[in-house]
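Architecture at a glance
Chain residues, written in single-letter form:
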Amino acid sequence: MRASDRAYRTLLEQIQSGELAPGTVLAEVEQARRLGVSRTPLREAIGRLAADGLVAQASPRVTVVTDIDADDIRALFAVRRALEESAARMAAERVADGAPGEPFAALAERWSAEDPQADADAYYATITEFDEALDAAVGNDYLIAALRTVRTHLVRVRRLARDNPARLAASAAEHRLIARAIADGDAELAAHATHVHLHHALTAILASLADASDAPRVARSTPGAA
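Residues numbered from 1 in each chain as written. Predicted model: local features only at pLDDT ≥ 70, side-chain atom pairs only at ≥ 80, totals over all residues. Heavy atoms only, no water.

1. Considerations on the overall build of the protein chain
Applicable threshold: Starting at the N terminus, helices and strands are each numbered in turn, a helix being any DSSP run of H or I of at least four residues and a strand any DSSP run of E of at least two. We take the radius of gyration over the C-alpha atoms and set the globule estimate at 2.2 Å times the residue count to the 0.38 power. Any residue under 20% of the maximum accessible area for its type is buried, any over 50% is exposed, and the rest in between are partly exposed; the area is computed with a 1.4 Å probe on protein chains only. We treat Lys and Arg as the positive residues and Asp and Glu as the negative residues; His and chain ends play no part in the count. Just so you know, the charge point we use is NZ for Lys, CZ for Arg, CG for Asp and CD for Glu.
Within the protein chain, the regular secondary structure consists of nine helices and three strands. Taking 226 residues into account, the globule formula puts the C-alpha radius of gyration at 17 Å, and the protein chain, at 19 Å, falls close to it. Its C-alpha atoms put the protein chain at 55 × 40 × 30 Å along the principal axes. Going through the 226 residues of the protein chain one by one, you find that 45% of them count as buried. Here the protein chain carries 26 positive and 33 negative side-chain charges, and the mean point of each set is 8 Å from the other.

2. Looking at the sheet that holds strand β3 (residues 62-65)
Where we set the bar: Pairs of strands are assigned from DSSP output, requiring at least two bridges between the strands. Simply put, an axis is a line fit to the C-alpha atoms, just over the touching stretch for a helix, and the angle between two N-to-C directions goes from 0 to 180 degrees.
Strand order in the open sheet made by the three strands is β1-β3-β2, with antiparallel pairing throughout. Both outer strands of the open sheet, β1 (25-27) and β2 (55-59), are each paired with one neighbouring strand and no more. Averaged over all pairs of adjacent strands, the angle between strand axes in this sheet comes to 35°, irrespective of strand direction. Relative to β3, β1 is paired through three bridges, and the arrangement is antiparallel. Bridging across to β3, V25 finds its partner in V64.

3. Comments concerning the UniProt feature "domain: HTH gntR-type" (unreviewed entry) in the protein chain
In plain terms, the rule: UniProt positions are given in the numbering used here, feature names are shortened, and annotations may be inferred rather than shown by experiment.
In this numbering, the UniProt entry assigns the feature "domain: HTH gntR-type" (unreviewed entry) to residues 1-68. With 54% helix and 18% strand, residues 1-68 has end C-alpha atoms that lie 30 Å from one another.

4. Quick notes on the environment of M90
Here is the rule: Throughout, a contact is declared for two residues whenever any of their heavy atoms are within 4.5 Å.
Tracing the backbone through its elements, the reader meets M90 in helix α4 (residues 70-96). The residues touching M90, leaving out its near neighbours within four places in the chain, are V138, N140 and L143.

5. Observations concerning the packing of aromatic side chains
Inclusion rule: Aromatic pairing here means that ring centres of Phe, Tyr or Trp (its six-membered ring) are within 6.5 Å. Orientation follows from the plane angle: under 30 degrees is stacked, over 60 is edge-to-face, and everything else is tilted. Should the NZ of a Lys or the CZ of an Arg lie within 6 Å of a ring centre and within 35 degrees of the ring normal, that charge is described as sitting over the ring.
On inspection of all chains with the given rule, the structure shows three aromatic pairs. The interplanar angle of 80° and the centroid separation of 6.0 Å between the aromatic rings of F104 and F130 together place this pair among those described as edge-to-face. Of the two residues, F104 sits in helix α5 (residues 102-113) while F130 sits in helix α6 (residues 120-138), which places them 26 residues apart along the sequence. The pair formed by F104 and F130 is uniform in burial state, with each residue classed as buried. Cation over ring: R48 sits above Y8, and NZ or CZ is 3.8 Å from the ring centre.

6. Details of the packing of α6 against helix α8 (residues 165-183)
Convention followed: Oblique is the label for any angle not covered by the other classes, which are roughly parallel (under 35 degrees), roughly antiparallel (over 145) and roughly perpendicular (65 to 115). Crossings are classed by handedness, with left-handed meaning an anticlockwise turn of the near helix from the far one by less than a right angle and right-handed meaning a clockwise turn. Lys, Arg, Asp and Glu make up the charged group, whereas Ala, Val, Leu, Ile, Met, Phe, Trp, Tyr, Cys and Pro make up the nonpolar group; the residues left over, Gly among them, are polar.
Running from amino to carboxyl end, α6 crosses α8 at an angle of 25°, the nearest separation of the two axes being 12 Å. By the criterion of interaxial angle, the relationship of α6 to α8 is roughly parallel. The crossing of α6 and α8 is left-handed. Two secondary-structure elements touch here, α6 through A120, Y123, Y124, I127, F130 and L134 and α8 through L168, S171, A172, H175, I178, A179 and I182. Of the residues that constitute the contact of α6 with α8, the class distribution is 11 nonpolar, two polar and no charged.

7. Brief notes about the nonpolar core
Spelled out, the test is: Only buried residues count toward a nonpolar core. Its members are Ala, Val, Leu, Ile, Met, Phe, Trp, Tyr and Cys residues joined through side-chain atoms within 4.5 Å.
Counting residues in each nonpolar core, the largest one holds 45 residues, and the members touching the most others are I73, F77, F104, F130 and I182. In this structure F104 touches F130, A133, L134, A137, A179, I182 and A183, once residues within four positions along its chain are discounted. With 17 residues, the next largest nonpolar core counts V37, L42, A45 and L49 among its residues.

8. Examining the side chain of D131
Locating D131 in the fold gives a position in helix α6. By relative accessible area, which is 10% here, D131 ends up buried. Those residues in contact with D131 that sit more than four places away from it in its chain are R151 and R158.

Here's what the structure looks like:
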């Protein structure tokens, strides 16, 4: 793996996990030392993150992890709703036309058996499998590329719901209905269930964000930075 790809993946994971929180300063010299790369591949990695909208330049050599506020989340979900409802409908239509629905039936069964409150990581891993199955079922490269861009930001937003056990349980039930509708080739139900799921998800995330807004936010340097 190229040094720039390695640096990009590491920084992306740390931003998405919250290890590098919004407002964190990514000083070039310290980041290159911390990641064990030279400054040229680091700049390439930071350029990719800037294109993703995850970081912004504060000066020629200092980058800051971007914030994500309620307006950003609403805008993200507006795009997500359009894309995911279309994807669910298209996947169900293809199943109705003879494409295999077994992957979605299997996922629906897993969501019936799994307890997301006991293992949130396993739950989100199952969602990733669902996303991959949806991409394969849709078979539209343009739609898939747009969905992947949304998911890059969605990982950050989903963290706001991880500590809400009731919401995780409800989300599993909602995903089960979506997967079952696709497996049955019911396009309208698949799209409607997706719409309802995203409405509840957005409501819960905005509520979590509002609760967190009372805590002071301070720009930080990364571990080991001067």
